[in-house]
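Topology and contacts: notes
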Amino acid sequence: MTKAVCPGSFDPVTNGHLDIFTRAARSFDEVTVLVTGNPNKQSGLFSIDERMDLIREVTSHIPNITVDTWGGLLVDYTTAHNIGALVKGLRSSLDYDYELPMAQMNRRLSGVDTFFLMTDEKYGYISSSLCKEVAKYGGDLKGLVPDPVFEAMNQKFSGTT
């Protein structure tokens, strides 16, 4: 059985992320979407639990996807859960330059391989940070994030919960 993990902060999960999860689920028997905290990013729009709930909702139609969270080294998670592959989406060479050293370090530390999937061109410009910025100023995110995320973001920015 092949197992992979798709790690990230996913604040919020976008249609680009969902595309990567879906494609990974076709290539691996089990895929865990792993919500991680990034200490280099400001506090999130959504709590870890909210992100996990949104991801579960938008991936509920994909039977071999589970959602989990982790706060330590990614290789410790992969070792503890007998996972041999990381899956990361790449939008551009900037993503590659950022992800390559981490992939090499993860391989050195645990032997886990990183598989890079090129983002579908229709999602190449989408980022969680950009979506938050657009939503903050009332821009339209339809088609950029899954509908439940769109609704949750609208609630966050309108001050209702």
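Below you will find a few notes about this structure. Quick caveat: nothing in here was measured; it's all calculated off a predicted structure.

If you add up the space inside the largest pocket, you get close to 1,200 Å³. Lining of the largest pocket is provided by 42 residues; of these, Pro-7, Gly-8, Lys-88, Tyr-98 and Glu-99 occupy positions nearest its centre. When contributions to the lining of the largest pocket are tallied by element, the ones reaching two or more residues are strand S1 (3-8), helix H1 (15-27), strand S4 (85-90), helix H4 (93-110) and helix H5 (128-136). If one sorts the elements of the lining of the largest pocket by residue count, H4 sits on top with eight residues.

Before going further, it helps to spend a moment on the environment of Asp-29. Note on placement: Asp-29 falls in the loop between H1 and strand S2 (30-36). Along the chain, Asp-29 and Ser-129 lie 100 residues apart, while their C-alpha atoms are 31 Å from each other. The contacts of Asp-29, once residues within four sequence positions are left out, are Met-1, Thr-2 and Asn-64. Within the local environment of Asp-29, its side chain forms a polar contact with the backbone nitrogen of Thr-2, the two atoms lying 2.9 Å apart.

Here we take up the environment of Gly-37. Considering the arrangement of structural elements, one finds Gly-37 in the loop between S2 and helix H2 (48-58). The spacing of Gly-37 and Leu-18 is 19 residues in sequence and 19 Å in space, taken between C-alpha atoms. Once you skip the residues sitting within four places of it in the chain, Gly-37 turns out to touch Ile-48 and Trp-70.

Basis of the calculations
Residues numbered from 1 in each chain as written. Predicted model: local features only at pLDDT ≥ 70, side-chain atom pairs only at ≥ 80, totals over all residues. Heavy atoms only, no water. 1 Å grid on protein atoms, 1.4 Å probe; cavity = no way out; pocket = protein on both sides within 12 Å on 5 of 7 lines; lining within 4 Å. Points joined across faces, edges and corners; volume = space filled by probe spheres on them. Helix = DSSP H or I, 4+ residues; strand = E, 2+ residues; numbered from the N terminus. Contact = heavy atoms within 4.5 Å. Polar contact = N/O pair within 3.5 Å; in protein donor to acceptor, adjacent residues only side chain to side chain.

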